[in-house]
Each structure stands twice: as C-alpha cells, then as structure tokens.
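Residue-level listing of the chains:
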Amino acid sequence: MVETSPHNWLQQLQRDRLIAVIRSPDWKLGLQMARAAIAGGIHSIEVAWNSDRPAFLIGKLRQEFPSCFIGVGTILETQQLAEAIAAGVQFIFSPHGDRQLIEKAIIAQIPMVPGALTPTEIITAWQAGATCVKVFPIQTVGGANYLKAIQAPLAKIPLIPTGGVTLENAGELIQAGAIAVGLSSQLFPSSLIQTEDWEAIARGAKRLKEKITLPSN
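Remember, it's a predicted structure, so these values are computed and weren't measured experimentally.

Rules used throughout
Residues numbered from 1 in each chain as written. Predicted model: local features only at pLDDT ≥ 70, side-chain atom pairs only at ≥ 80, totals over all residues. Heavy atoms only, no water. Buried < 20%, exposed > 50% of the residue type's maximum accessible area, 1.4 Å probe, protein only. Helix = DSSP H or I, 4+ residues; strand = E, 2+ residues; numbered from the N terminus. Right-handed = clockwise from strand over helix to strand, strands pointing away. Pairing = 2+ DSSP bridges. Axes fitted to C-alpha atoms, helices over the stretch in contact; angles between N-to-C directions. Parallel < 35°, antiparallel > 145°, perpendicular 65-115°, else oblique. Left-handed = near helix turned anticlockwise from the far one by under 90°. Contact = heavy atoms within 4.5 Å. Arc of directions from axis to C-beta.

Re the pairing of strand 2 (residues 44–48)
So, step 1. In terms of residue burial, strand 2 counts as a mostly covered element, since five of its five residues are buried.
So, step 2. Covered by surrounding structure in strand 2 are Ser 44, Glu 46 and Ala 48 together with Ile 45 and Val 47, the residues of both alternating faces.
So, step 3. Taken together, strand 1 (residues 18–22), helix 2 (residues 27–39) and strand 2 form a β-α-β motif whose crossover is right-handed.
So, step 4. Examined bridge by bridge, strand 2 and strand 3 (residues 69–73) share five bridges and lie parallel to one another. Opposite Glu 46, over in strand 3, you have Gly 71 as the bridge partner.
So, step 5. With helix 3 (residues 54–64) bridging strand 2 and its parallel neighbour strand 3, the resulting β-α-β unit is right-handed.

Here is the structure:
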C-alpha cells in the first residue's frame, strides 16, 4: 500500500499528470468507473463527495487498489472532511479556499488541494498550507492561455486546473505549466457508461495518458 504523504502524491502526479474524478449516482457504477480509469493507467482517483455513498466507495477502492491514491473531492465543510478522513482518503479537493479545511488536512498529514481562480486566491491558499491549488473553473477564464499568464509569477505553486478540461486541451494545460489535470465527464462519456463499455473507457484513459506524458510535454 502506498504511503499517504504530500511528497509521495506529488511525485505520482508528476508521473501520471492525470486525476480521474468519479461522480456517480450509484456506488457500484462509481466502482466500475474507477476500475476502468485505473486499468487505463491512472493512479489518482478522486471520489466526489456528492456521489452515492462516497465514504463506502473510498473504502472499497482503498482495499482493491492499494498501490493507487484514492482521494475525495467537493468537500465543503469540516464534517464532510472528518468523514472523508475516517474513510481513509489520501488526498482532498475542495472547490474553495477554506483555511479551516486546509489546517485540518495538514494536521491529518493528507494532501489538500483547495480551489481558487485569481492570483490572490491562489497565493492565499498556498500560504495557508495547500499542497497544490485547484484552478477552477479553468475554461471560463481562458484555459491554457490564462494558466500560462499566471504561471510565471506563481511558478513555485503546483497548479491543477479543472472545470472544462477536455481530451483536446489537457495537453495544452500541462504544457502551460499544470502539474496535473482533473477530468470527469471527458474520461467517462455517458454513452460508454450507459453501455458499460469499461474497456473503451480504459483505452481512452490510456491514450490520453500517453499523449500528455510524452517527453515533449
């Protein structure tokens, strides 16, 4: 089983560059989605807290995939954070920069990635102790061009853009300076979910990973 620490997770992100975001109305479906992403070579799985039975799903994934990092997303308040930590999460995403959430994650020694958008918000989250900062929603403010514009003065801060990341622009975001990107619906097309074509989802994940981890990137 991989050791949970900000350093270990950051090393994995620098290799993989991808986080698969699972948001499912049924935990069994979420389990299959995660299995497909992992079969495609993605080792960081984020279970959105507004999924069905997220704590249970996190526990199942921790048991089944001890060599992967299983995290949680859409954490809005301290009670959710406490339940996620009790479930065994190995990294935490929130859509906003809440100092109390960051501090509690630091105490638990779990990587914490709060959401931010402006340079001031990003720096504030970083100074509060964030492991990385989630730049959200990235496409609303210009995608790779925006990330490139803020990357120079914020170069020491690991940035993870989400919100509008696609199979087409993921590589551009990595080239613009992102340490990794988070994808949900683009990795898990509804048509493939409905037909339960998990092999096709795994192949898509593998192709995307190969594309964005080329030496030129």
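Observations concerning the packing of helix 2 against helix 10 (residues 198–212)
When two helices pack together, their arrangement is captured by the angle between the axes and the distance separating the axes.
So, step 1. Closest axis-to-axis distance for the helix 2/helix 10 pair is 7 Å, and the angle between their directions is 45°. Taken together, the axes of helix 2 and helix 10 are oblique relative to one another. As for how helix 2 packs across helix 10, the hand of that crossing is right-handed. Counting all contacts with helix 2, which are made through Leu 29, Gln 32, Met 33, Ala 36, Ala 37 and Ala 39, the residues of helix 10 involved are Trp 198, Ile 201, Ala 202 and Ala 205.

Here's the deal with the environment of Thr 131
So, step 1. Position of Thr 131 among the secondary structure elements: in the loop between helix 6 (119–127) and strand 7 (133–135).
So, step 2. According to the relative accessible area criterion, Thr 131 is buried, its value standing at 9%.
So, step 3. Along the sequence, Thr 131 and Ala 87 sit 44 residues apart, while their C-alpha atoms lie 20 Å from each other.
So, step 4. Look past the residues within four positions of Thr 131 in its chain and what remains in contact with it is Pro 6, Leu 10, Pro 111, Met 112, Trp 126 and Pro 158.

Some points on helix 7 (residues 144–151)
So, step 1. Taken together, the buried positions of helix 7 are Ala 144, Tyr 146, Leu 147, Ile 150 and Gln 151. Angular distribution of buried residues about the axis of helix 7 spans 160°; they occupy a single face of the element. Residues of helix 7 that are exposed and point over 90 degrees away from its buried face: Asn 145, Lys 148 and Ala 149.
So, step 2. Summarising the contacts, the buried residues of helix 7 are in contact with helix 6, strand 7, strand 8 (159–161) and helix 8 (170–175).

Things to note about helix 4 (residues 78–87)
So, step 1. Gln 80, Leu 81, Ala 84 and Ala 87 are the residues of helix 4 that are buried. Each buried residue of helix 4 lies within a common arc of 125° when the element is viewed along its axis, so the set occupies one face.
So, step 2. Packed against the buried residues of helix 4 are helix 3, strand 3, strand 4 (92–93) and helix 5 (99–107).
So, step 3. Gly 88 occupies a position one or two residues after helix 4 and carries a positive phi of about 100°.

Considering the side chain of Ser 24
So, step 1. In this fold, Ser 24 is placed in the loop between strand 1 and helix 2.
So, step 2. Taking the relative accessible area as the measure of exposure, Ser 24 reaches 4% and is therefore buried.
So, step 3. Beyond its immediate stretch of four places on either side in the chain, Ser 24 contacts Leu 29, Gly 30, Met 33, Ser 51 and Asp 52.

None of this, on its own, says anything about what the molecule does.
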